[in-house]
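Read off the chains here:
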Amino acid sequence: MGNEREDQLAKDAKQHGQPYSLTELPKPYIKRLLRKTMLEEWQTLWKNGDTGRKIYNIMPSVSIRPTNWIREDIIFISQLRPFPAYLKRFHLSDSDYCSCSGIGTALHYGTECIFTMSLHMRKPVPNF
């Protein structure tokens, strides 16, 4: 139905010599066109950007649909606060070491810190 409407608008524009403005197109068509354009631009910015590269490696495609990730998963994967390595990086702490003398990253707490043993998971292989 949308293609038929587009064909009719194109024929009318050709006969009358003036193109139709966007306000004369069906709203669903305009919304779909704008959403597609917005997602393409957002994807380009996300792909070529400098920030969020750790998240990009996990989620390389943008979407307007929410993910089912919980806040703690996002903090762990992105390695953002409250880890000592993060705090040191932004000059919010003098040391990036954990109390057990390891570098205080999310991976350290999740796989090797003696103070979080009950929460440990298997350490990923080096290329991950």
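Residues numbered from 1 in each chain as written. Predicted model: local features only at pLDDT ≥ 70, side-chain atom pairs only at ≥ 80, totals over all residues. Heavy atoms only, no water.

- As recorded in an unreviewed UniProt entry, the protein goes by the name RNase H type-1 domain-containing protein, listed as coming from Araneus ventricosus.

Structural notes on the overall build of the protein
Phase 1 of the analysis: Of regular secondary structure, the protein possesses six helices and zero strands.
Phase 2 of the analysis: Secondary structure elements of the protein occur, N-terminal to C-terminal, as α-α-α-α-α-α.
Phase 3 of the analysis: Within the protein, buried positions represent 17% of all 128 residues.
Phase 4 of the analysis: Taking as baseline every contact in the protein between residues at least 6 positions apart, the subset at least 24 positions apart corresponds to 13%. (Helix = DSSP H or I, 4+ residues; strand = E, 2+ residues; numbered from the N terminus. Buried < 20%, exposed > 50% of the residue type's maximum accessible area, 1.4 Å probe, protein only. Contact = heavy atoms within 4.5 Å.)

Observations regarding the environment of Leu9
Phase 1 of the analysis: Within the element layout of this structure, Leu9 appears in helix α1 (residues 2-16).
Phase 2 of the analysis: By relative accessible area, which is 7% here, Leu9 ends up buried.
Phase 3 of the analysis: Sequence separation between Leu9 and Leu25 is 16 residues; the distance between their C-alpha atoms is 8.4 Å.

Side note on the pattern of salt bridges
Phase 1 of the analysis: Throughout the structure, instances matching the rule amount to one salt bridge.
Phase 2 of the analysis: The partner of Lys36 in a salt bridge is Glu40, with the nearest N and O atoms 3.7 Å apart. Of this pair, Lys36 and Glu40 both sit in helix α2 (residues 27-48), four residues apart, which is roughly one turn of that helix. (Salt bridge = Lys/Arg side-chain N within 4 Å of Asp/Glu carboxyl O.)

Comments concerning the packing of aromatic side chains
Phase 1 of the analysis: If you walk through the whole model with that rule in mind, you get two aromatic pairs.
Phase 2 of the analysis: Ring centres 5.7 Å apart and planes at 70° place the aromatic pair Trp46 and Tyr56 in the edge-to-face group. Of this pair, Trp46 sits in helix α2 while Tyr56 sits in helix α3 (residues 53-58), and the two are 10 residues apart along the sequence. Accessibility classification places Trp46 together with Tyr56 in one group, the buried group.
Phase 3 of the analysis: Here the aromatic rings of Tyr86 and Phe90 are separated by 4.9 Å at their centres, their planes lie at 55°, and the arrangement is tilted.
Phase 4 of the analysis: With relative accessibility at 15%, the residue Tyr86 sits in the buried group.
Phase 5 of the analysis: Take Phe90: its relative accessible area is 40%, and that puts it in the partly exposed class. (Phe/Tyr/Trp six-rings, centres within 6.5 Å; stacked < 30°, edge-to-face > 60°.)

Re a positive patch on the surface
Phase 1 of the analysis: A grouping of Lys27, Lys31, Arg35 and Arg65 is seen on the molecular surface, where their side chains present a positively charged patch.
Phase 2 of the analysis: Mapped onto the elements of the fold, Lys31 is located in helix α2. (Patch = residues over 30% accessible without salt bridge, like charges linked within 9 Å, V, L, I, M, F, W, Y side chains within 5 Å. Areas by Shrake-Rupley, 256 points an atom, 1.4 Å probe, with all protein chains shown as cover. Lys, Arg positive; Asp, Glu negative; His and termini not counted. Charge placed at Lys NZ, Arg CZ, Asp CG, Glu CD.)

Quick notes on unusual backbone geometry
Phase 1 of the analysis: With a phi angle near 55°, His91 is a residue other than glycine that sits in the positive phi range.
Phase 2 of the analysis: Secondary-structure assignment places His91 in the loop between α5 (84-89) and α6 (106-111).
Phase 3 of the analysis: A positive phi angle, near 80°, is found at Ser101, a position not held by glycine.
Phase 4 of the analysis: Position of Ser101 among the secondary structure elements: in the loop between α5 and α6.

A word on a nonpolar patch on the surface
Phase 1 of the analysis: On the surface, a nonpolar cluster with roughly 290 Å² of combined accessible area is contributed by Met38, Trp42 and Ile64.
Phase 2 of the analysis: Residue classification places Trp42 among the partly exposed positions, given a relative accessible area of 38%.

As for the confidence of the model for the protein
Phase 1 of the analysis: When the pLDDT values of the protein are averaged, the result is 80; 88% of them are 70 or greater.
Phase 2 of the analysis: Confidence scores differ between elements of the protein, with α1 showing the lowest mean pLDDT of 74 and α2 the highest of 91. (pLDDT = per-residue confidence, 0-100.)

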